[in-house]
Each structure stands twice: as structure tokens, then as C-alpha cells.
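# Architecture and fold: a report
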Amino acid sequence: MNGRLELLAAYPFERLARLKDGITPPAGLPHIAMSIGEPKHAPPSFVVEALRASLGRLDSYPATIGLPETRAACAHWLQRRFNVTVSPETMVLPVNGTREALFAFVQAMVGGTDSATRPVVAMPNPFYQIYEGAALLAGAEPVFLDTTAENRFQPDLDAIPAEVWKRCQVLFLCSPGNPTGAVLSLEFLRHALELAERHDFVIASDECYAELYRDEHAPPPSLLQAALASGHDRFRRCVVFHSLSKRSSVPGLRSGFVAGDPALIRPYLLYRTYHGCAMPIPTQLASIAAWNDDAHAAANRALYREKFARVLPILQPVLDVVEPDGGFYLWPDVHGDDEAFTRELFATQNLTILPGSYLARDSRGAHGTVNPGRQRVRISLVASVDECVGAAHRIRKFLETSK
Ligand SMILES: Cc1ncc(COP(=O)(O)O)c(C=O)c1O
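Residues numbered from 1 in each chain as written. Predicted model: local features only at pLDDT ≥ 70, side-chain atom pairs only at ≥ 80, totals over all residues. Heavy atoms only, no water.

## Topic: the overall build of the protein
Each helix and strand counted, the protein has 14 helices and 14 strands in total. By the compact-globule yardstick of 22 Å for 403 residues, the protein fits well, its C-alpha radius of gyration being 21 Å. Here the C-alpha coordinates of the protein stretch approximately 60 × 55 × 45 Å along the principal axes. A burial count over the protein gives 56% of its 403 residues as buried. Within the protein, residue pairs in contact and separated by at least 24 positions form 75% of the contacts whose partners lie at least 6 positions apart. When the accessible surface of the protein is summed, it comes to about 16800 Å², and 54% of that surface belongs to carbon and sulfur atoms. Counting 40 positive and 43 negative side-chain charges, the protein places the averaged centre of each group 2 Å from the other. (Helix = DSSP H or I, 4+ residues; strand = E, 2+ residues; numbered from the N terminus. Rg over C-alpha atoms; globule rule 2.2 N^0.38 Å. Buried < 20%, exposed > 50% of the residue type's maximum accessible area, 1.4 Å probe, protein only. Contact = heavy atoms within 4.5 Å. Areas by Shrake-Rupley, 256 points an atom, 1.4 Å probe, with all protein chains shown as cover. Lys, Arg positive; Asp, Glu negative; His and termini not counted. Charge placed at Lys NZ, Arg CZ, Asp CG, Glu CD.)

## With respect to the site of the ligand
In the vicinity of the ligand, 15 residues are found, and the nearest of them are T98, D206, S243, S245 and K246. With respect to the ligand, the side chain of Y209 contributes an N or O atom lying 2.7 Å from an oxygen atom. Relative to its unbound accessible area of 400 Å², the ligand is 92% covered by the protein chains. In this structure, the ligand is accommodated by the second largest pocket. For the shell around the ligand, the secondary-structure elements that each account for two or more residues are α4 (98-109) and α9 (244-247). In terms of residue count, α4 provides more of the shell around the ligand than any other element does, three residues in total. Within the shell around the ligand, the residues separate by chemical class into six nonpolar, five polar and four charged. (Near = heavy atom within 4 Å. Polar contact = N/O pair within 3.5 Å; in protein donor to acceptor, adjacent residues only side chain to side chain. 1 Å grid on protein atoms, 1.4 Å probe; cavity = no way out; pocket = protein on both sides within 12 Å on 5 of 7 lines; lining within 4 Å. Sits in = over half its atoms within 2 Å of the grid points. Nonpolar A, V, L, I, M, F, W, Y, C, P; charged D, E, K, R; others polar.)

## Side note on the packing of aromatic side chains
Under the criterion given, the structure shown has 16 aromatic pairs. Ring centres 5.4 Å apart and planes at 35° place the aromatic pair Y304 and F328 in the tilted group. You can see Y304 sitting in helix α12 (residues 295-315) and its partner F328 sitting in the loop between α12 and β9 (329-330), a full 24 residues away along the chain. Accessibility expressed as a relative area gives 0% for F328, which makes it buried. In this structure an aromatic cluster arises from ring pairing among W77, F82, F257 and W291. In this arrangement the basic side chain of K20 is found over the ring face of F346, its NZ or CZ atom lying 4.4 Å from the centre. (Phe/Tyr/Trp six-rings, centres within 6.5 Å; stacked < 30°, edge-to-face > 60°. Lys NZ or Arg CZ within 6 Å of the ring centre and 35° of its normal.)

## As for helix α14 (residues 385-401)
Here α14 contains 17 residues, and its C-alpha end-to-end distance of 24 Å stays within 8% of the 24 Å for a straight helix at 1.5 Å per residue. Considered for burial, the residues of α14 that qualify are V385, C388, V389, A391, A392, R394, I395, F398 and L399. Along its buried surface, α14 packs onto β1 (32-33), α12, α13 (338-349), β10 (351-352) and β14 (377-380). (Expected span 1.5 Å × (residues − 1).)

## A few points about the layout of surface pockets
In this model, the largest pocket occupies a volume close to 820 Å³. Considering the residues around the largest pocket, the lining is formed by 31 residues, among which D146, T148, S363, G365 and V370 are closest to the centre. Within the residue set of the lining of the largest pocket, elements represented by two or more residues are β4 (141-146), β12 (363-365) and β13 (368-370). With four residues, β4 is the single largest residue contributor to the lining of the largest pocket. (Points joined across faces, edges and corners; volume = space filled by probe spheres on them.)

This is the structure we're talking about:
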């Protein structure tokens, strides 16, 4: 047995199920799930149609590198969205959603685990839990960079001692962030890249929420743009992760891609060939249709914008919550125990959210050892507009009656 498996923490939803165990919510209120990060908008019909029309292609094994057409569609989208040019031959790989890709990337990149100095994988805190699990299973030490209201939810890269950067092999960034919704600026990304150059590590930029942003005039930048701005037109040390799950509301399709430094993509492809995670051809053909169309992504974004616009005026008089720059989560400060808040909300309103502390780890800071997710909760605005508005009224009622 791989002893490192014992290092893995329970997934946040397992802990949530335990927290809710034994509670009977009011029967008269239908349940609303705002805990999950699963988009609930209808998948675009042309994507479903492209999938259906290509089912005949199930008769052959797909290649891990993907069809040239798939890689070209991803490269074209990067060009339109970020104005960056990547070679579809050497700089792009399809992946079965970013979750598996993020995990596999760390397994392929981390080395030297038997040497005296333990490799480090650095990540924001709170984080998407796959980053931590990937680091632990690869034999690296996860190092957490707290993202709090004080640092505007930007990881403080300068707080990491040089000794730790020296051991760092992979730095995860997530922009727009889950759960904070914070967007990392081009300046921030360039600074991260400077550190990567200085200390010789790779940056894995999780950009799976890159298409969900509020301001149509200020879309979140990509690490690839920062690389270009720093003169690295072959994206040295940079890999970005993109997904159709949130952009096109097709989490079940399991489709995304990675792009970046060909010197990293090549060994990663080798790893993936052995791992056996090629994307089925019908999935690729449906994905091409999705990446080639921007109108449905804009309509999707408008729907999220409407939800924030409707929900926030209901919540803000009673809850310390701001509109995030990107993503589809609210990340309010509840000024109290986040587990108790979550449990009571479920018990009285039949509404499930996620305690913020489940998404983060204790870390030592200026104020002692604290969990930077504590006293916050994550509320996903994934349900329909009406359901989200109904949920906001329930949260308001809960807060007004529990005072
Ligand atoms: C930050 C982040 N990264 C990656 C993923 C994985 O998305 P997918 O595997 O569907 O592309 C998620 C899903 O919730 C996420 O929140």
C-alpha cells in the first residue's frame, strides 16, 4: 500500500455530510444546495448535439496528445481570449477536466523526493483540495500562502523565505480564485514569474474560472500573458489549466486543456501516456464546438452577473459580503463559527453551504496559528436565478431571526 495515502485529508464534502448528520431540516422547505461548485445552467445544445453526432467514433482508441483539431481549437481560443499565440503541436494538451490534470501535473513534475531536502509545492490557502492531495501523494511538502481580506485575497509571495522557495518545485496559483473570487493582476503574475526564474520552479496556473468575471471590460489575465510581457514567448516555467466545466456549464463532459512551456508539456505528455488519460474522441469533438463559440460563454457570464446583482442587495444589509471579481462564489465573513453557521442554516432553512475552514489549513501567521477560512462560508450561486434569490431571502431571514 502507498503509505502516502494516509496523509490525505477527508474531502470537504465528506466533512460537510458529517456536520449535517442527524439534523432534520424543516420538511416544508425544499432543499437548496449552495455548497457545490457544480454549474447548473443548461449545457449548450450545440455541444450536446456535437457529442451525440460523434458517438460513432467510440470505435477507436484516442491518442493522449489529442486530435490536431482539438489542440487547434484550444490554441485559437487562447488567441482570441488572451491574445497569446501557442503552438498547437507542442504547447497544448487536452485533459479530462482540470482536476485530473492538476493532480497528474504534480506527479510528473516533482522529483528528488529521496534527497535530504524535501521538495515543496506551494499553493494559496484556502485552496482547491486537489493541489494539496497532489503534493502529498507526490512526496512533496505543501506550503500554504494565506489569502485573506488583509492581503485582498492575493497570496503574499514575498512572505515565503528564500530557503522555502529554493525547495519549491511547483507553485499553484488560482485566478479567479476558488473560493475568494479574487483575480490576480498581470503585475502579480509577472512577479511570481520573476521568483520562479530566481528560484527555479514551475508555475501551475489554475484558470478554470477565467471566463466567469463581472466586468466585461476587464477579463482576468492569464499567466501566459504575463510570460509574454516578461519576454518569454515560449512560456518558460509556465503551464495554465483551462476547463469547459464552468465556461460552458458542462462539468459532466470532463473536458479541459493545459497549455504552456513545451519543455514541460513534453514530459507531461509522456507521463499521461502511461497514466492512460486520453480524452475520448466524441468528447474532443464536442469540446471543439464549445471552444470555438464565445457567444454561449458570454450568455453564461451574463446569467451569473444577474445572480450577483439580485442576491447581493438582499444579503448585504445583514451579511459582510462583497461582490467578487470572478467565479461564482460568495465568500462572506460571518464573524463567528463557520461550522455552527452552516449547521444552523441547514437546520432552520434547509439550505446547504460550505464552512470556509474546510477549504483551508491552519497556518502560522502574525496572529498565531489560524485557519484563514475560519469565520467564512462559501456560497455557490450555481442554481437558477430564482432559486438563488429564494436562498438569499432564507439566509437573510436566518440572520434576522438569530440576532
Ligand atoms: C479551482 C478549481 N480548479 C479546478 C476544478 C476542476 O474542474 P474540472 O475538473 O471540472 O475542470 C475546480 C472545480 O470545482 C475548481 O474549483
